[in-house]
Amino acid sequence: MSKFVDYTGKERAIRSAKGRAAGAFDEVPVIDIRPAIAEGASDEARAAVAAQIKHAGENVGFMYLAGHGIPEEVQLKAFQQARLFFEQDLGAKRQLDFKKSPVFRGYEGLAGNAQGDRKEAFNWGYEPSADPLNPSNEDVVEDATAGSGKNVWPSLDSPAGGLRDAILDYYGQALVLGRKVIRLFALALDLPEDTFDKSFAVPGVLGRILHYPPQPPSDAEAIGVNQHTDIEILTLNTEKYNTQAGEWLEVPPIPGTLVCNVGDMLARWTNDRFISTVHRVVNRTGQQRYSMPCFFGPNYSTMIETFSQCLAPGETSKYEPIRAGEVGYVWRRLARSRLGRKYDEKEKLEDAVKIDSAVPVTAVA
Ligand SMILES: O=C(O)CCC(=O)C(=O)O
Ligand SMILES: [Fe+2]
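Residues numbered from 1 in each chain as written. Chains lettered and ligands numbered in written order. Predicted model: local features only at pLDDT ≥ 70, side-chain atom pairs only at ≥ 80, totals over all residues. Heavy atoms only, no water.

- In the annotation of an unreviewed UniProt entry, the protein is listed under the name Fe2OG dioxygenase domain-containing protein and assigned to Rhodotorula paludigena.

Pasting the structure below:
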């Protein structure tokens, strides 16, 4: 594997190499969460599922979640609309170019993406009207530094006019599920079950649909999304490939499951007790590939400071406390992955996330 340099510029060891070498895993575990999220689930059932999450979080950083309860049809409807959106010509898609949004919402093209990845994406964020547990229609303040901002959607009379409804139907169900999963993560970390609840009342949950065209047969190693770690606490997704211990471990789609992986915020919160695993996407299917990750981050004013329970006596955290969004952790990270900027905590946020609209985005065939 080529070396991995993390967002702070440090060369990073793939921590899960240790787990793999010790024979802790050679594949991503499948965890049936139904017994733990069912109405009236017993403490024993929840503890049993939390124990599996703990093992996966500490050794792999990735897990399949079965029994999650989101109908496949809801996902497929969003993918159908996404296909209609991505099939449009570039000019139509670029009307919703993410570079027009202070919070990177909208279309991210195949060309002009910072890493040269073979993918295009449509990005959105938290919208109160889509949240079954927060049904107020209050407008979210359009302020990148406060960390929310407005979504952009295709107009109703355009070819993908149903994209908003289809995405938000899925996203609303994912929000409900994510809040349950995050409680199980708290249990898995031996923390009070409600540890994350307050910061997930109005959470910083970003979503995106990605489209990966089939790779040219002449280029079997063409990268869909280059190696990276995710920014937030955990990601719920449909399918992907990741890496451990110097070789890439395949994570093929398993019907009826979602893939869940640990992100860097949880690594910071747990001082790397839970591993934010490096992963990438290579589309070798010969088909168009679509995926729809939702990145679960807390309210943007939340301070992320390593839980004392995750430190051994006398141990200090490797990580400085950092605010999730307001002073820019999320936005600096997104500027890095979407605009190719350097991650620098000292740079003024306005400069770090400023979009230079004079930079042309070139088209590729
Ligand atoms: O397409 C996928 O399955 C994964 C994409 C991904 O890793 C990401 O957007 O962070
Ligand atoms: Fe990712």
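Overview of the coordination of the iron ion (ligand 2)
No. 1: Within the protein, the atoms that donate to the iron ion (ligand 2) are H228 (NE2), D230 (OD) and H279 (NE2), at distances of 2.1 Å.
No. 2: Between consecutive donors of the iron ion (ligand 2), the numbers of intervening residues give the motif H-x1-D-x48-H.
No. 3: H228 gets classed as partly exposed once you look at its relative accessible area, which sits at 22%.
No. 4: A residue is classified by how much of its surface remains accessible, and D230, at 4% relative accessible area, is buried. (Donors = N, O, S within 2.8 Å, 3.2 Å for Na, K, Ca; no water. Buried < 20%, exposed > 50% of the residue type's maximum accessible area, 1.4 Å probe, protein only.)

Some points on the packing of aromatic side chains
No. 1: In total, this model carries 18 aromatic pairs according to the counting rule given.
No. 2: Ring plane angle 75 degrees and centroid distance 5.6 Å describe the contact between F85 and F86, whose orientation is recorded as edge-to-face. Taken as a pair, F85 and F86 share a single burial class, namely buried.
No. 3: When the ring of Y329 is compared with that of Y343, the centres are 6.4 Å apart and the planes differ by 80 degrees; the resulting orientation is edge-to-face. Here the residue Y329 occupies a position in helix α8 (residues 329-339), and Y343 occupies one in the loop between α8 and α9 (349-353), the gap between them amounting to 14 residues.
No. 4: Through a chain of ring-to-ring contacts, three or more aromatic side chains come together here, namely F79, F85, F86, Y107, F122, W124, W153, Y171 and Y290. (Phe/Tyr/Trp six-rings, centres within 6.5 Å; stacked < 30°, edge-to-face > 60°. Helix = DSSP H or I, 4+ residues; strand = E, 2+ residues; numbered from the N terminus.)

Here we look at the pairing of strand β7 (residues 234-237)
No. 1: Judged by which residues are buried, β7 turns out to be covered on both faces: L234 and L236 on one side and T235 and N237 on the other are all buried.
No. 2: Of the strand pairs in this sheet, β7 and strand β10 (residues 258-262) are connected by four bridges, and their pairing is antiparallel. Along β10, the bridge assignment pairs L236 with C260.
No. 3: The pairing of β7 with strand β13 (residues 294-297) spans three bridges and is antiparallel. Considered in β13, the bridge of L236 is made with C294. (Pairing = 2+ DSSP bridges.)

Side note on the packing of helix α3 (residues 43-59) against helix α6 (residues 163-188)
No. 1: One can describe the packing of α3 onto α6 by two numbers: an axis separation of 8 Å at closest approach and a directional angle of 80 degrees. Taken together, the axes of α3 and α6 lie roughly perpendicular to each other. Counted together, R46, V49, A50, I53 and K54 of α3 and R183, L184, F185, L187 and A188 of α6 form the full contact between these two elements.
No. 2: Class assignment of the residues belonging to the contact of α3 with α6 gives a composition of seven nonpolar, no polar and three charged. (Axes fitted to C-alpha atoms, helices over the stretch in contact; angles between N-to-C directions. Parallel < 35°, antiparallel > 145°, perpendicular 65-115°, else oblique. Contact = heavy atoms within 4.5 Å. Nonpolar A, V, L, I, M, F, W, Y, C, P; charged D, E, K, R; others polar.)

A short note on the confidence of the model for the protein
No. 1: On average, residues of the protein score 85 in pLDDT, and 84% of them reach the 70 mark or higher.
No. 2: Across the protein, element-level confidence peaks in helix α2 (residues 34-37) with a mean pLDDT of 98 and bottoms out in strand β8 (residues 241-244) with 41.
No. 3: Here residues 358-365 is modelled with pLDDT under 50, and outside its nearest four sequence neighbours on either side it reaches eleven contacts, counting other chains as well.
No. 4: Predicted as a complex, the structure gets a pTM of 0.90 and an ipTM equal to 0.98. (pLDDT = per-residue confidence, 0-100.)

Some remarks on α8
No. 1: Taken across its eleven residues, α8 has nine buried, putting it largely inside the fold.
No. 2: Looking only at α8, the buried set comprises Y329, V330, W331, R332, R333, L334, A335, R338 and L339.
No. 3: Contact partners of the buried residues in α8: β3 (106-108), β4 (120-124), β5 (204-212), α7 (264-269), β15 (322-323) and α9.
No. 4: Downstream of α8 by a residue or two, G340 has a phi angle that is positive, lying close to 75 degrees.

A word on the pattern of salt bridges
No. 1: Across all of its chains, the model carries 18 salt bridges by this definition.
No. 2: As a salt-bridge pair, E108 and R208 come within 2.6 Å of each other at their nearest N and O atoms. Taken together, the positions of E108 in strand β3 and R208 in strand β5 put the pair 100 residues apart, joining distant regions of the chain. For the pair formed by E108 and R208, the shared burial category is buried. (Salt bridge = Lys/Arg side-chain N within 4 Å of Asp/Glu carboxyl O.)

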